[in-house]
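Here is how the chains run, residue by residue.
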Amino acid sequence: MKNKKQNFFFILTIAAIFVFTSCKGTINNEKILEPMASINKASLQKHSFGITSEGISVDVYTLKNNNGMEVDIITYGGRIIRLSVPDKNGKISNVVLGFDSLKQYEKENPFFGALVGRYGNRIANAKFSLNGNEYQLAANNGPNNLHGGIKGFDKVVWKVEETSEGEDVSLKLSYLSKDMDEGFPGNLLTNVTYTLTKDNTLKVAYEATTDRPTIVNLTQHSYFNLSGDFSKNILDHEITLNADKLVPVDSNLIPTGELMDVAGTPFDFRSPKLVGKDIEADHDQINKGGGYDHNWVLNGLDKGLRTVAKVYEAVSGRVMEVATTEPGVQLYTGNFLDGTLPIPKGGTYGKRSGLCLETQHYPDSPNQLNFPSVVLNPGEKYTTTTSFIFKTKQ
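The structure contained in this document is the topic of the report that follows. For clarity, every value in this text was computed on a predicted model and none was experimentally measured. (Residues numbered from 1 in each chain as written. Predicted model: local features only at pLDDT ≥ 70, side-chain atom pairs only at ≥ 80, totals over all residues. Heavy atoms only, no water.)

**Examining the side chain of threonine 201**
Position of threonine 201 relative to the elements: it lies in strand S16 (residues 201-210). By relative accessible area, threonine 201 is classed as buried at 10%. (Helix = DSSP H or I, 4+ residues; strand = E, 2+ residues; numbered from the N terminus. Buried < 20%, exposed > 50% of the residue type's maximum accessible area, 1.4 Å probe, protein only.)

So, in structure tokens, the structure goes:
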């Protein structure tokens, strides 16, 4: 009789454990991956990635949390070259466009994974005035300056100032852009810290100081395809943007100076909408951008760091939320990808095979007095934060 009771209680215990572990992994239909310390451990590793054409050594740092999420960052351009996150079934795949060689990054490419500066986005006619002085920049995008010029922050080798390990793994990069570098005034010291957290968030924190009045607008230029299959486009990705207004542009993609209500236009993403739904709509702004290549005016600037965007890919179940302190975000849908750039495992990146969500100040702000200021003065510190938060949904 005693043995029968022991067997009965043993079976009850096993059943209870099964029910508990089966229910633990989901909250509101979003899967929370439990840390597996015995299998994965948060870590940071460094390896050589090659030598630039100028003879400078480049390293790649791999940040890994205890869920198995990983991000590879190279010191050339501070670029994210791989970002591996789980899908709804726990399968981990890379979700950012990139290359497998330094040589390919040194060639002409659309800023894959790069830190962009000194000024992200376009400056009209490649010039601006500050305190009565006019500054001429390189015209590297038609008549305009784009993403910092000919040799912006995406093409320099950043110094690794410090690293830290723990449940959250960090990598701090720094670069001193000297006075009049690419035409911008002031010695600008920039620090960017990438932190991979235990809850599958990649945080990007920017800081900068200057010794002369200057302008600054830094951003991160990763191209995302949450399917993990770069032979597919991103038209089936569902996007939500917390923005009531858009910054319309002219034929050179320079802001007109006005703000446009998104209501009743193809630019209304206030409710979840597939990227492909209106991307070919007969609309003046769609025609000028060749699709989406515009800055949205984000709501809630006075709230500081807040969630402003959400991307969902149904097949994989991957969800990416974007939180930022910035006033705007540029949604770019890879309209100019043309099948000439190689995918590391074979094939090429086709049109719209990735999308960007570049948190930023508005384009051409130095020449638009009614836009939020991008001026940084001596004694001030430029600080901004953007987080990419990854989850899954069944």
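From this point, things continue past the structure.
**Some thoughts on the sheet that holds strand S26 (residues 328-332)**
Here we have 5 strands laid out as an open sheet, ordered S21-S20-S23-S26-S27, and antiparallel in their pairing. Each end of this open sheet is capped by a strand with a single partner; those strands are strand S21 (260-261) and strand S27 (356-360). Bridge count for strand S23 (residues 293-298) against S26 is 5 bridges, and the pairing is antiparallel. Residue pairing in the sheet places aspartate 293 in a bridge with tyrosine 332 of S26. (Pairing = 2+ DSSP bridges.)

**Observations concerning the pairing of strand S15 (residues 188-196)**
Burial analysis of S15 places 7 of its 9 residues in the buried class, which makes it a mostly covered element. Pairing between strand S14 (residues 169-177) and S15: 9 bridges, direction antiparallel. Within S15, the residue paired with serine 177 across the bridge is leucine 188. In terms of strand pairing, S15 meets S16 through 9 bridges, oriented antiparallel. Directly across from threonine 190, in S16, lies its bridge partner alanine 208. Where S15 folds back onto S16 in an antiparallel hairpin, the turn is made up of 4 residues, including asparagine 200, whose phi is positive at roughly 65°.

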